[in-house]
Amino acid sequence: MANDPLIITCAVTGAELSKTDHPDLPVTPDEIALSAAHAVEAGASIIHLHVRDEKGMPTQRKDVFASVTRKIRKACNCIIQYSTGGAAGTPLQDRIAPVSLKPDMATLSMGTVNFGADIFENSENTILSVYKEIRKYECMPELEIFDVGMIDTVNRFLVKGLLAEPFHVNFVMGVPGGIAGEAKRLLMLKDILKPGQTWTVSGIGKCQLNLATHAMALGGHVRVGFEDNIYYRKGELAVSNAQFVERIARIAKELDRNIATVKDTRNILGIQ
Ligand code: KMH
Ligand code: ZN
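No experiment lies behind these values; they were computed from the predicted model shown. (Residues numbered from 1 in each chain as written. Chains lettered and ligands numbered in written order. Predicted model: local features only at pLDDT ≥ 70, side-chain atom pairs only at ≥ 80, totals over all residues. Heavy atoms only, no water.)

Moving on: the packing of aromatic side chains. This structure, assessed with the given rule, holds 7 aromatic pairs. Ring geometry for F120 and F146: centres 5.6 Å apart, planes at 80°, overall edge-to-face. Pair noted here: F120 is in strand 8 (residues 118-120) and F146 is in the loop between strand 9 (140-145) and helix 5 (148-160), with a separation of 26 residues, a long-range link. Since its relative accessible area comes to 6%, F146 is described here as buried. By way of ring pairs, the aromatic residues F115, F120 and F146 are connected into one cluster. Here R247 stacks its cationic end above the ring of Y232, 3.8 Å away from the centre of that ring. (Phe/Tyr/Trp six-rings, centres within 6.5 Å; stacked < 30°, edge-to-face > 60°. Helix = DSSP H or I, 4+ residues; strand = E, 2+ residues; numbered from the N terminus. Buried < 20%, exposed > 50% of the residue type's maximum accessible area, 1.4 Å probe, protein only. Lys NZ or Arg CZ within 6 Å of the ring centre and 35° of its normal.)

Right, dumping it as structure tokens:
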């Protein structure tokens, strides 16, 4: 609903960028945990987590997820959502490896999409394998929607009994190869959802602020963070993940959306 508390997710590092793109991109376990804690302090209640190996490269290694999770838990109270997407091209078995650590949430990408010059492969078999693993470990799935057909896939899977509620939905908009980051497209995506379904928007790059503001006004939720965008405004790098969260929290206040606490977020999404 338009006045429900706003859930802010922060995607602190992702798998695509490096310190060459942003010198303060968090990549070590300590950096990721500290950046997550600052984002939570600023109002984020969910941390969307990717991790990096000793060389700063994206990895789905379970030991690294475990170590970063411990550090985040020590630094702050938040809901931790593991990426099962990894980087484009990560093999399926690697993608699902950390799910057995039983994070609160884990992502489930709902179809294949060109991802810039890469292909992010999610065949039906891949989707169902990731979903099975998420349910096995009783995590809450967040369905990643990169293009309109992926919502149709959600609805088709629901009818066929291949997917069941509850889940949260994330519209990832503006990936080169996926749906464009335009407000009218957000309206279309939202209207294909079943009434009452919770959803968030992740605007990639320059569409982030505009889409986030529309989502807030429409009763949706918002994801920000370096994974999606490193520029605070045109030509100006953001100083931190928290800076993005702070801006969303300020706008939310003007729109009469309270910021969801971790407890609110658990209630809204039905996470134990
Ligand atoms: N890195 C992208 C190819 C997810 O986290 O589940 C996929 C991604 C989605 O980031
Ligand atoms: Zn991700």
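On we go from here.
Here we take up the packing of helix 7 (residues 208-218) against helix 8 (residues 241-254). Two elements in contact, helix 7 and helix 8, have axes whose closest approach is 11 Å; the angle formed by their N-to-C orientations is 40°. Crossing of helix 7 against helix 8: the hand is right-handed. For the pair helix 7 and helix 8, the contacting residues are Q208, L209, A212, T213 and M216 in the first and F244, R247, I248, I251 and A252 in the second. Class assignment for the residues of the contact of helix 7 with helix 8 results in 7 nonpolar, 2 polar and 1 charged. (Axes fitted to C-alpha atoms, helices over the stretch in contact; angles between N-to-C directions. Left-handed = near helix turned anticlockwise from the far one by under 90°. Contact = heavy atoms within 4.5 Å. Nonpolar A, V, L, I, M, F, W, Y, C, P; charged D, E, K, R; others polar.)

Quick look at the coordination of the zinc ion (ligand 2) now. Taken together, H48 (NE2), H50 (NE2) and E227 (OE) make up the protein donors of the zinc ion (ligand 2), found 2.1 Å from the metal. Linear spacing of the donor residues for the zinc ion (ligand 2) on their chain is H-x1-H-x176-E. In this structure, H48 and H50 share a single accessibility class: buried. (Donors = N, O, S within 2.8 Å, 3.2 Å for Na, K, Ca; no water.)

Two numbers describe how helix 6 (residues 183-192) lies on helix 7: the axes approach to 10 Å, and their chain directions differ by 40°. Between helix 6 and helix 7, the crossing angle belongs to the class labelled oblique. Crossing hand, helix 6 versus helix 7: right-handed. Packed against helix 6, whose contacting residues are A183, L186, L187 and K190, the element helix 7 presents L211, H214, A215 and L218 at the interface. Of the residues in the contact of helix 6 with helix 7, the class split is 6 nonpolar, 1 polar and 1 charged. (Parallel < 35°, antiparallel > 145°, perpendicular 65-115°, else oblique.)

Quick look at the pairing of strand 11 (residues 199-203) now. Remember that side chains alternate between the two faces of the sheet whenever the strand is regular. Burial analysis of strand 11 places 5 of its 5 residues in the buried class, which makes it a mostly covered element. Residues W199, V201 and G203 point to one face of strand 11 and T200 and S202 to the other, with burial holding for every one of them. Bridging between strand 10 (residues 168-173) and strand 11 involves 5 bridges; their strand directions are parallel. Looking at strand 11, one finds that N170 is bridged to T200. For the segment spanning strand 10, helix 6 and strand 11, crossover handedness is right-handed. (Pairing = 2+ DSSP bridges. Right-handed = clockwise from strand over helix to strand, strands pointing away.)

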